[in-house]
Amino acid sequence: MKSIYLSLRKFYHLHFFRWVDKHIQAENQHQLSRHKLYILPSRRGFVFLALIAIMWLLGTNYQNNLILSLAFFLISVFIVAILQTHSNLSGIKIKLVGAEPAFAGEEAEFIFTLSSSKPVQNMELQWQNCPLQPRVVNIKKNTVASVVVPYVSLKRGWLQPGRLQVSSYFPLGLMRCWSYLNWQACALIYPAPLALEEPSSSVRDGENRGDYPIAGGEDFSGLSEYRPGDSLRHVAWKNYARERGLYIKEFSQTLSQERWLDIKHIQGDSLEQCLSGLCYWALQYQRQDKYFGLRLNQHNIDPNKGEDHKRKVLQALALYEQGA
Amino acid sequence: MFASGDSALLERGGVSDQVGRNTLLWLLVAQGVAIFPLFFFLPLWLPLMWLGVVIARVQMFRGAWPFPRNFVKTLLGAGCIIGLIISYRSVAGVEPMVAFLVVAFILKLVEVRDKHGVVLIVYIGFIAVAALFIFSQSLWAALYSLFTLTILFGCLQSMFCSQVSQPGKQVVEACILLLKSLPVMGILFLVLPRISPLWAVPEAGKSGKTGFSGTVSPGDISRLVRSQEIAFRVDFNPDNSNQAVVPPPEQRYWRGLTLDTYDGRSWRFRSPWQRSGDTLSSVNLPHPRWSLQRQGDATFYEYSIILEAHGQPWLFSLMVPLQVTSELKMGFTDDYLIMTGKDIRQRTLYRVQSSTGYLRSPYLTEAERRVNQTIPRGNPRALALAGSWQQRQLSAQQTVDAALALFNREFVYSLQPPALGTHSVDEFLFDTRTGFCEHFASSFTFLMRAAGIPARLVVGYQGGTFSEDASHMVVRQSDAHAWAEVWLPSRGWVRVDPTNAVAPERIRRGIQDALSLNDAQLLNSGLLSSAWLQTLTLKLEELEYLWQKNVLSYDNQDKDDLLKKLFGSKAWWLTGLLLIGGIGLLLLMYHLLPLPRLAGKRAHPAEVMYRKYLRGMQAQGLQRQPWETATAFARRVLHESPANAKYAMEIADLYNHIIYQGRSELVPALREILQEKNKSRAVVQKLSR
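Residues numbered from 1 in each chain as written. Chains lettered and ligands numbered in written order. Predicted model: local features only at pLDDT ≥ 70, side-chain atom pairs only at ≥ 80, totals over all residues.

Which parts of the structure should I look at to understand the overall build of chain A?
Check the secondary structure of chain A and you find six helices and 17 strands. In chain A, which comprises 324 residues, the proportion classed as buried is 35%. Sequence separation of at least 24 residues holds for 69% of the intrachain contacts in chain A that already meet a minimum separation of 6. (Helix = DSSP H or I, 4+ residues; strand = E, 2+ residues; numbered from the N terminus. Buried ≥ 20, exposed ≤ 12 C-beta atoms within 10 Å, placed from the backbone. Contact = placed C-beta atoms within 7 Å.)

In structure tokens:
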């Protein structure tokens with residue numbers, strides 16, 4: 001019995017969603033219209049209908065017009081609720097703003113803006129394949145609301161979140177109005193950091209004879225204007241105190257110590273673990289504001305530091321051997 | 001531009017299933033409102049239990065008490081069921097079932113933790129509303145239930161709107177929803193066909209018990225007439241000339257029950273009831289065994305009676321009922337009475353055709369004669385009197401006349417007769433000689449039987465007054481009456497009302513006129529004392545009547561009539577058309593013109609005050625231009641109107657602070673300064689004059 005139900009469900013899902021995907025193309029913007037919205041009684045709604053049936057029986061058996069009226073009244077409320085639930089969601093414009101990268105196992109955040117010409121209440125947004133609690137949004141009339149819908153991915157690489165499920169039970173929970181929306185959305189998922197032993201290659205001696213002469217180092221070379229992301233350690237505080245503006249002291253030097261995060265030198269059980277370990281140390285170095293480079297067999301990133309460097313490194317780790 | 005979405009996200013990360021403070025409050029109120037009217041029909045300990053549970057639930061919410069464990073819940077449930085069994089001594093019947101529902105309703109409150117529980121409780125609330133209608137179908141019950149439904153839907157809504165947290169706004173939203181639903185319900189009510197009951201159901205027992213019981217003892221009717229409650233309402237059908245055919249007051253004898261067994265004190269009817277042989281059905285023609293004979297001019301009365309629940313199986317009608325129609329199964333008895341198969345537990349409508357001018361039962365069977373001549377032992381003086389009539393060889397008619405003449409001479413009609421002893425007929429006839437209709441009817445019947453004339457007692461109502469708009473007649477318990485019927489050879493059963501001999505005005509004008517002043521005051525004690533109260537009562541009764549006639553009694557017949565009126569036909573597809581078309585039209589209307597949200601944005605008080613200030617300035621020729629900010633306007637005032645300069649800048653500053661910085665605490669300051677400005681201006685004006 002259960003297997004029949006399951007196979008029916010599977011069949012329904014397969015065909016229904018094939019139809020949905022054909023119908024609702026991946027885009028950056030959707031407007032919820034009659035064609036995209038589905039509406040059916042919720043489970044509570046079906047119980048409500050059963051309740052109405054009981055009342056009708058009661059009223060008929062007692063020949064009691066008031067009980068019958070009550071049953072009719074509940075039917076009317078049900079009918080009006082259909083209209084209200086549907087009109088709550090219809091006409092909403094949903095726009096994909098972007099996605100924040102995240103580490104595997106954490107929540108990648110997809111940012112949407114919603115706008116409507118009429119008030120919208122209790123709209124729930126949720127990725128279909130993601131077990132997280134739905135986000136609840138209320139939109140005031142003629143305003144734009146932004147909402148972050150998170151997705152938890154355990155796999156590194158490009159994340160394609162699939163269908164966004166938009167639904168609402170407003171106002172009485174009797175009806176469920178919903179839609180599945182496909183998006184041209186991707187989020188980059190970095191490997192989850194894993195505290196492995198420090199790779200041996202990252203500690204290397206050398207007295208000013210590093211292979212990679214780079215900007216930065218110990219020799220002061222001048223001042224440059226502060227840009228967000230620059231290390232606070234290098235801010236010329238004295239200059240700042242004299243109210244001459246925020247400047248960064250620049251140093252030039254060849255590296256005395258080159259740190260390389262090399263996939264060959266980290267000890268992990270699997271490739272994924274190794275990448276996780278590299279990710280962990282990359283974050284550590286970044287936090288300590290140290291120079292480091294990355295070696296992934298063919299793909300090398302020269303030693304450097306800063307936000308941009310970190311991003312490059314993490315991206316390389318995320319996409320390594322992903323075929324993308 | 002970015003509005004509420006973010007704040008909503010901060011408030012709640014997702015849909016919470018927990019019962020919050022708001023929802024719990026809603027729940028408590030909704031449940032209280034839903035079960036309050038039921039408490040009047042159920043054991044007294046239920047309200048106390050509800051209070052206890054509410055306190056417990058609040059304590060649980062505050063975390064003071066833990067949620068009950070399973071065995072505590074089982075114990076509570078078992079205790080309540082035992083309580084119900086003790087209260088009712090049985091579990092069958094409507095009251096125990098409703099009480100059980102209420103108990104479940106209340107106990108569920110203890111364990112409700114999540115949304116599903118709340119929804120379940122609200123759903124039980126709907127059933128509680130239906131349960132109320134089993135007990136009471138009055139207009140008030142319906143109006144109250146509308147209120148209950150608003151609260152219940154408000155409660156339901158409060159769970160599915162995270163945004164709206166003010167209860168007032170919730171109620172408004174719920175009201176809008178219900179207002180939209182009412183027209184749809186109207187269509188359903190008018191058009192959906194009713195079907196007959198699918199199975200028999202237990203009836204509520206408590207509703208309506210005023211009226212006669214199966215026995216009449218001295219004092220019973222005089223107690224009954226003190227009630228101003230309505231017994232039934234009569235609607236006389238018009239004849240061809242569109243004039244309602246109404247019997248004259250002295251013909252308004254509404255027969256309810258004939259009593260033919262006397263034990264010296266009480267009259268009762270033979271049991272089992274002498275039913276006519278045929279089965280009960282909804283339409284009956286006169287019983288063949290009645291052997292009615294047309295005699296002289298007959299007036300036909302066609303009328304509908306809406307009978308209040310009296311908990312008995314007999315119905316009231318004018319002599320002689322020829323035909324009766326009703327939804328209920330009804331039948332005639334050998335005594336020309338109408339009865340139903342079961343007790344009348346709710347208002348019932350039936351239509352009767354009666355006619356005067358018929359001879360009834362010219363023949364009496366031996367068994368009937370025996371039953372209607374039996375008298376108990378005792379009352380020697382009355383027997384002697386009857387014996388003297390027999391010795392004088394009076395005919396039956398002469399005997400009746402002799403007895404009526406006796407009553408006419410020395411008897412007093414009173415609501416407060418003296419108590420009677422063992423030989424009650426003797427004492428009444430020869431000693432006290434003061435009594436109410438049941439005394440007269442009872443002793444008259446006794447005398448007739450003693451004189452060898454078959455006689456029986458009839459109870460029912462005599463009279464009836466027209467409602468204010470004269471649309472229908474109202475018969476009250478105060479019209480309760482008892483009279484006699486004697487069987488005269490060649491005339492059959494004839495009505496004789498000995499009260500008529502004593503106090504004829506009772507029959508012609510009603511009880512108020514027949515009684516002495518003292519008695520009339522007793523009758524009126526507390527009831528209908530002042531004129532406006534009387535008017536109000538009449539108006540309310542009028543309303544109840546309309547309610548009963550148009551809503552509670554609405555049936556398929558009325559539906560067909562309506563369809564005929566609208567379309568000239570009652571084809572079944574018209575029902576469907578009206579249903580789908582009507583509701584579709586309504587929904588289209590709702591879709592195209594959404595009702596304005598009543599709970600709209602109100603102007604800030606500072607805004608209101610500032611606008612008033614601007615109007616004042618405008619009156620002095622200083623108008624703020626659309627492009628001017630408050631400050632710019634104030635600067636201009638400073639230059640152009642020195643008289644107003646004093647407060648202009650301050651007002652603009654305060655206004656800016658309140659509106660643009662959200663510093664609502666400055667509102668009183670603004671009000672003060674505006675008042676001060678007005679005051680100083682008044683002073684200036686006075687001085688200048």
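The rest of the description comes next.
How should I be thinking about the overall build of chain B in this particular structure?
In terms of helices and strands, chain B carries 25 helices and 21 strands. Burial status across chain B gives 34% buried among its 689 residues. Considering only contacts within chain B whose residues lie at least 6 apart along the sequence, 72% involve residues at least 24 apart.

Even after reading the chapter, I still don't get unusual backbone geometry, so can you show me in this structure?
Of all residues except glycine, most have a negative phi; of all peptide bonds, most are trans. In this chain, Phe170(A) is followed by Pro171(A) through a cis amide linkage whose omega measures 0°. With respect to the element layout, Pro171(A) can be found in the loop between strand 10 (163-168) and strand 11 (175-182). Of note, the phi angle at Gln393(B) is positive, near 55°, even though the residue is not glycine. Non-glycine residue Arg433(B) carries a positive phi angle of around 55°. Its place among the elements puts Arg433(B) in the loop between helix 13 (424-432) and strand 16 (434-435).

What's the story with the sheet that holds strand 1 (residues 29-31) of chain A in this structure? I'm lost.
The strands making up a sheet associate through backbone hydrogen bonding, with each pair oriented either parallel or antiparallel. Residues and elements named next belong to chain A. As summarised here, the arrangement of the four strands in space is 1-3-5-8, forming an open sheet in which the pairing is antiparallel. Where the open sheet ends on each side, the last strands, each with one partner, are strand 1 and strand 8 (143-152). Here the average twist between neighbouring strands, direction ignored, is 25°. Pairing geometry for strand 5 (residues 107-116) and strand 8, over 10 bridges, is antiparallel. (Pairing = 2+ DSSP bridges. Axes fitted to C-alpha atoms, helices over the stretch in contact; angles between N-to-C directions.)

How should I be thinking about the sheet that holds strand 12 (residues 187-190) of chain A in this particular structure?
As summarised here, the arrangement of the three strands in space is 4-12-9 (chain A), forming an open sheet in which the pairing is mixed. Across the chains shown, the open sheet's two edge strands, defined by having one partner strand only, are strand 4 (102-103) and strand 9 (157-159) of chain A.

Any chance you could explain the confidence of the model for chain A here in plain terms?
Close reading of the predicted structure is inappropriate where its pLDDT is low. Per-residue confidence for chain A gives a mean pLDDT of 84; residues scoring 70 or more make up 90%. Here residues 205-210 of chain A is modelled with pLDDT under 50, and outside its nearest four sequence neighbours on either side it reaches 10 contacts, counting other chains as well. (pLDDT = per-residue confidence, 0-100.)

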